[in-house]
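# Remarks on the overall topology
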Amino acid sequence: ISAFAQVEITARIEPSRAVLYEPVIATVRIQNHTSQRIILDDHTPGSRIWFNIEQSPGRRVRQRDPVVLGEPLIVEPRQSATRRINISRIYDIRDTGPYNVRARLDWGGESFASGRTFLDVVPGLEITRMVGPASPDGSERRLYRLLSLNRDRGEHLFLRIDDEARRICYAVLHLGRVVRIQEPTMRIDAGNNIHVLHQAGPGRFLHHAFSPSGDQVTRRMYTSEDPGVALEYGRDGAVVVSGAATSLMDGE
């Protein structure tokens, strides 16, 4: 039996066109054609999964985090197993441009590789920005930017959160498809959470709120057939949606 026939590894990248610092997930599938159990672990050099990521031939991207799998991956004899891996967290993908990605597997003294997949990293088109406090005393501040990107036959909206003073990007968050009939807006509430309202379709509006570190506080859909849906300040500095009715609960 050839080495390829013993173990097969495939990888799929989502998204294949990403905004810089947006999470990029590799879905890796292992097919075990042997009669032995395969156990893959980050701490066993001869039995592990890793990635070969290049910006150009011979220019390999540095691995920042040795933890790829987290928990061991077990593939039973003549079975398959799948694991989703955030490669943008593990590897130093901090430049725009094209990347070549291969998933690699070391096991039983052999090395196996997936086919090459392609990733295109772009800055995104800035729509608007604002700066706001990120701590109760105002000593920390965040730069919030709304970015757009055309992919999958539609325009998508992203929120990027940066601490410019420390040169830290806290998050790039995908907010979903956007319809530019009404421009997206941002507000900061009394708790320093950032709120974003954008039109996701005809009569459909999405309201997101995130902490200054990028943790999701709320996600809610609203509907309205009338113009004038907006973010407004309510009591005690809360940010509320006006001119629309709630359609779906948080997280839908």
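These remarks concern the structure in this document. Predicted model, so just to flag it, every value in this text is computed and none were measured. (Residues numbered from 1 in each chain as written. Predicted model: local features only at pLDDT ≥ 70, side-chain atom pairs only at ≥ 80, totals over all residues. Heavy atoms only, no water.)

Another point: the packing of aromatic side chains. In this structure the tally under the stated criterion is one aromatic pair. Ring plane angle 80° and centroid distance 6.0 Å describe the contact between Phe-51 and Tyr-91, whose orientation is recorded as edge-to-face. Within this pair, whereas Phe-51 is found in strand S5 (residues 48-56), its partner Tyr-91 is found in the loop between helix H2 (87-90) and strand S9 (97-107), the two being separated by 40 residues in sequence. For Phe-51, a relative accessible area of 2% puts it in the buried group. (Phe/Tyr/Trp six-rings, centres within 6.5 Å; stacked < 30°, edge-to-face > 60°. Helix = DSSP H or I, 4+ residues; strand = E, 2+ residues; numbered from the N terminus. Buried < 20%, exposed > 50% of the residue type's maximum accessible area, 1.4 Å probe, protein only.)

In this section: the nonpolar core. Ranked by size, the top nonpolar core spans 35 residues in total, and within it Val-28, Ile-49, Phe-51 and Ile-87 carry the most contacts. Beyond its immediate chain neighbours, meaning those up to four positions away, Val-28 contacts Ile-9, Thr-10, Ala-11, Ile-49, Phe-51, Ala-81, Thr-82, Arg-83, Ile-85 and Ala-103. (Core = buried A, V, L, I, M, F, W, Y, C linked by side-chain atoms within 4.5 Å. Contact = heavy atoms within 4.5 Å.)

With that out of the way, let us pick up the sheet that holds strand S13 (residues 141-151). Across the sheet, four strands lie side by side as S12-S13-S14-S15; this open sheet has antiparallel pairing. Each of the sheet's edge strands pairs with one partner strand only, and the pair in question is strand S12 (125-133) and strand S15 (168-177). The sheet shows a mean angle of 20° between the axes of neighbouring strands, direction not considered. (Pairing = 2+ DSSP bridges. Axes fitted to C-alpha atoms, helices over the stretch in contact; angles between N-to-C directions.)

For the rest of this paragraph, the subject is the sheet that holds strand S8 (residues 80-86). The sheet built from three strands is open, its strands ordered S1-S3-S8 with antiparallel pairing. The sheet is open, and its two edges are formed by strand S1 (7-14) and S8, each paired on a single side. Direction aside, the axes of adjacent strands within the sheet are offset by 20° on average. Where strand S3 (residues 25-32) and S8 come together, seven bridges link them in antiparallel fashion. Looking across to S8, one finds that Ala-26 is bridged to Ile-85.

Attention now moves to the pairing of S13. Judged by how many residues are buried, S13 sits mostly within the fold: nine of 11 residues are covered. Sheet topology note: the S12/S13 ladder contains eight bridges and is antiparallel. The residue of S13 that forms the bridge with Thr-128 is Leu-146. Two elements, S13 and strand S14 (residues 154-163), share nine bridges in a ladder whose sense is antiparallel. Paired with Leu-147 across the bridge in S14 is Phe-158. From the end of S13 to the start of S14, which pair antiparallel, there are two residues, and Asp-152 there has a positive phi angle of about 50°.

All told, the structure shown has 18 salt bridges when counted by the stated rule. Residues Arg-180 and Glu-183 are paired through a salt bridge, measuring 3.1 Å at the closest nitrogen-oxygen approach. You can call Arg-180 partly exposed: its relative accessible area is 34%. Its relative accessible area of 40% is what places Glu-183 among the partly exposed residues. (Salt bridge = Lys/Arg side-chain N within 4 Å of Asp/Glu carboxyl O.)

Locating Thr-82 in the fold gives a position in strand S8. Among the residues examined, Thr-82 registers a relative accessible area of 47% and is labelled partly exposed. C-alpha separation for the pair Thr-82 and Gln-31, spaced 51 residues apart in sequence, amounts to 8.9 Å. For Thr-82, the residues in contact, after removing those within four places along its chain, are Thr-27, Val-28 and Arg-29.

Moving on, we get to the pairing of S5. Counted residue by residue, S5 has seven buried out of nine residues, so it is predominantly covered. Bridge count between S5 and S9: seven bridges; the pairing is antiparallel. Across the sheet, residue Asn-52 finds its bridge partner in S9, namely Arg-102. As paired strands, S5 and strand S6 (residues 59-60) are joined by two bridges and run antiparallel to one another. Opposite Ser-56, over in S6, you have Arg-59 as the bridge partner. What sits between S5 and S6 in their antiparallel hairpin is a turn of two residues, with Gly-58 showing a positive phi close to 90°.

On to the side chain of Gln-31. In this structure, Gln-31 sits in strand S3. Given the relative accessible area of 14%, Gln-31 is considered buried. With residues near it in sequence (within four places) discarded, Gln-31 still touches Gln-6, Val-7, Glu-8, Arg-78, Gln-79 and Ser-80.

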